[in-house]
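As a plain string of letters, each chain reads:
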Amino acid sequence: MQWTDVLASRNSRMKASEIRELLKLLDQPDIISFAGGIPDPALFPAQDFAAAFQQAMAPENASVALQYSVSEGYRPLREWLVGQMRAIGVECGVENIFITSGSQQALDYLGKLLLSPGDTALVTWPTYLGALGAFNAYEPRYDRLDPYANTDPAAVRAEAAQAGGAVKFAYLSADFANPTGETLPLDGRLALLDRAEALNIPVIEDGAYQSLRFAGRPIPPILALDIERCGDIEKTRTIYCGSFSKTLAPGLRVGWVCAATEVVGRLVLMKQAADLHSPTLSQMATDTVARRVFDDHVARIRQVYDHRRRRMLAALEREMPSGVTFTRPEGGMFIWLTLPEGMDGAELLARAVSGHRVAFVPGGAFFADGSNPNTIRLSYSCASDEQIDEGIARIGRLLRG
Ligand code: PMP
């Protein structure tokens, strides 16, 4: 069978990344890796989940936990999330919450919902790689999302039309973005809403790291600002994607969307076509654990990640040669380095692994056009003090060499 003869055109955009392949080789014990971007497994609330799963298997609960369920998601969890969203300034009801299998599924569904081949997606430059991966299947063209840009919206639309489609949405992580760790300030959020209004497009707000603020003052989510403007979530254009992956555990595969009911209704149809509903057992256990320990647990992991962030920033201050700049995130899991022009993160990674036994993610892959090869992403989420000090010293030697 010649599989390439029968593949749909979207497959040409769905490639295994060379970097992912390279990063698979990093399990060797002497390599210090800042390449992951995953939560520290030592912080998982495993005991709480053990109790919650046991509770879900009690005879009175198992008939629900193991049965088919509704596509919108497990109602008690949706109700708990209404409280969480309200706590960050988003006035919504249970009808505005839709449970997904991780926020990654929300990105896939939103691509499916909004993109026809040739349409334009506005994305930050750089963007979360997984979002580009999710959208790629729907064959869009990408254009740079700059909240502060004052390009004429008509010109942006004309360019999209010339490329064979229309501008369909703006996607961004407003808080502690993957890969830069940066946060969009309030004026940027308001400017972005203005721009989205001028272009008449939705805003997809990726809140995957929203709960992980360690420093500075919280900024209202774009959805909250949108509601403030419109007076009612039903009139908003912002689609907020949340996740338990960075706070409780990614293996649960539980995320959510908070948006106008019309959006939720469309997503329900997507889910019915794709997987009927997110796993009931995961949702029930998440609901139990979230109600019992969420705030205390998140407070604790914030402390741990904050310590690692500070340690890595201090090591970078010490070790980076002149010409290297880096972000100073107020939360999340990442620090983003910009190296002198002409350096290539991918080429450096190969040398870092073979000669210095240290790893990171080259930044070029996070740009929809592969530009800015002189960037790298570091994650501090799973690193010990010793690994941070030694690993950053090794990167310093690599860059000076
Ligand atoms: N958005 C961002 C910005 C992420 O970094 C990730 C995970 N790396 C996701 C979404 C997807 O997370 P999940 O599907 O586990 O909720």
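In this text, all values refer to a predicted model and were calculated from it rather than measured experimentally.

Asker: I tried to follow the packing of helix H11 (residues 280-319) against helix H13 (residues 385-400) on my own but got confused; where do I start?
Answerer: Look at H11 against H13: their axes get within 9 Å of each other, and the N-to-C directions meet at 30 degrees. With respect to H13, the element H11 is oriented roughly parallel. Relative to H13, the crossing made by H11 is right-handed. The residues of H13 that touch H11, namely those facing His-307, Arg-308, Arg-311, Met-312, Ala-315, Leu-316, Arg-318 and Glu-319, are Asp-385, Ile-388, Asp-389, Ile-392, Ala-393, Gly-396 and Arg-400. Partitioning the contact of H11 with H13 into residue classes produces 6 nonpolar, 2 polar and 7 charged.

Asker: Sorry if this is basic, but what is going on with a nonpolar patch on the surface here?
Answerer: Side chains of Met-1, Trp-3, Val-6 and Leu-7 sit close together on the surface and give an oily, nonpolar patch of about 500 Å² of accessible area. Tracing the backbone through its elements, the reader meets Met-1 in the segment before helix H1 (18-23). Residue classification places Met-1 among the exposed residues on the basis of a relative accessible area of 69%.

Asker: Sorry, what's going on with the site of the ligand here?
Answerer: Taken together, 13 residues lie around the ligand, and Asp-206, Tyr-209, Ser-243, Ser-245 and Arg-253 are the ones closest in. Within the side chain of Ser-243, an N or O atom sits 2.6 Å from an oxygen atom of the ligand. Between the ligand and Lys-246, the relevant distance is 3.0 Å, taken from a nitrogen atom to a side-chain nitrogen or oxygen of the residue. The protein chains hide 91% of the 400 Å² of surface that the ligand would expose on its own. Across the shell around the ligand, the residue classes break down as 3 nonpolar, 7 polar and 3 charged.

Asker: Whenever I open this one, the nonpolar core confuses me. Can you help?
Answerer: Nonpolar side chains in soluble globular proteins generally cluster together in the buried interior. Phe-34, Phe-135, Leu-337, Leu-378 and Ile-392 are the most contacted members of the largest nonpolar core, which has 75 residues in total. When residues in this core are grouped by element, the largest group, 6 residues, is from H11. Lining this core are residues from two domains, each supplying at least three of them: domain 1 (3-45 + 295-400) and domain 2 (66-293). Ignoring sequence-local partners within four residues, the contact set of Leu-337 consists of Leu-316, Met-320, Val-324, Thr-325, Phe-326, Asn-374, Thr-375, Ile-376 and Leu-378.

Asker: Quick question: what am I supposed to make of the domain arrangement of the protein chain here?
Answerer: The parts lose accessible area when they come together, and the size of an interface is often stated as this lost area. In terms of domains, the protein chain is made up of domain 1 (3-45 + 295-400) and domain 2 (66-293). Here the C-alpha centroids of domain 1 and domain 2 sit 24 Å apart. Counting residues at the interface gives 35 residues for domain 1 and 34 residues for domain 2. Of the roughly 3,100 Å² buried between domain 1 and domain 2, counting both surfaces, carbon and sulfur atoms make up 62%. Per-residue buried area on domain 1 facing domain 2 is highest for Arg-13, Glu-330 and Phe-366; these three make up 22% of the total on that side. Across the domain 1-domain 2 interface, the total number found is 1 salt bridge. Notably, a salt bridge pairs Glu-330 with Arg-213, separated by 2.8 Å at the nearest N-O pair. Across the domain 1-domain 2 interface, the total number found is 17 residue pairs in polar contact (both at pLDDT 80 or more). Taken together, the elements giving at least two residues each to the side of domain 1 that touches domain 2 come down to H11 and strand E10 (334-338). Of the residues in the side of domain 1 that touches domain 2, the class split is 17 nonpolar, 7 polar and 11 charged.

Asker: Would you take a moment to explain the packing of aromatic side chains for this structure?
Answerer: The relative placement of two aromatic rings is captured by the distance of their centres and the angle of their planes. All told, the structure shown has 10 aromatic pairs when counted by the stated rule. Considering the side-chain rings of Phe-244 and Trp-256, the 5.1 Å spacing of their centres and the 50 degrees angle between planes classify their relative orientation as tilted. Of this pair, Phe-244 sits in the loop between strand E7 (238-243) and strand E8 (255-258) while Trp-256 sits in strand E8, placing them 12 residues apart in sequence. Among the residues examined, Phe-244 registers a relative accessible area of 1% and is labelled buried.

Parameters at a glance
- Residues numbered from 1 in each chain as written.
- Predicted model: local features only at pLDDT ≥ 70, side-chain atom pairs only at ≥ 80, totals over all residues.
- Heavy atoms only, no water.
- Axes fitted to C-alpha atoms, helices over the stretch in contact; angles between N-to-C directions.
- Helix = DSSP H or I, 4+ residues; strand = E, 2+ residues; numbered from the N terminus.
- Parallel < 35°, antiparallel > 145°, perpendicular 65-115°, else oblique.
- Left-handed = near helix turned anticlockwise from the far one by under 90°.
- Contact = heavy atoms within 4.5 Å.
- Nonpolar A, V, L, I, M, F, W, Y, C, P; charged D, E, K, R; others polar.
- Patch = residues over 30% accessible without salt bridge, like charges linked within 9 Å, V, L, I, M, F, W, Y side chains within 5 Å.
- Areas by Shrake-Rupley, 256 points an atom, 1.4 Å probe, with all protein chains shown as cover.
- Salt bridge = Lys/Arg side-chain N within 4 Å of Asp/Glu carboxyl O.
- Buried < 20%, exposed > 50% of the residue type's maximum accessible area, 1.4 Å probe, protein only.
- Near = heavy atom within 4 Å.
- Polar contact = N/O pair within 3.5 Å; in protein donor to acceptor, adjacent residues only side chain to side chain.
- Core = buried A, V, L, I, M, F, W, Y, C linked by side-chain atoms within 4.5 Å.
- Domains from an automatic or database assignment.
- Buried area = accessible area lost by both parts, 1.4 Å probe.
- Phe/Tyr/Trp six-rings, centres within 6.5 Å; stacked < 30°, edge-to-face > 60°.

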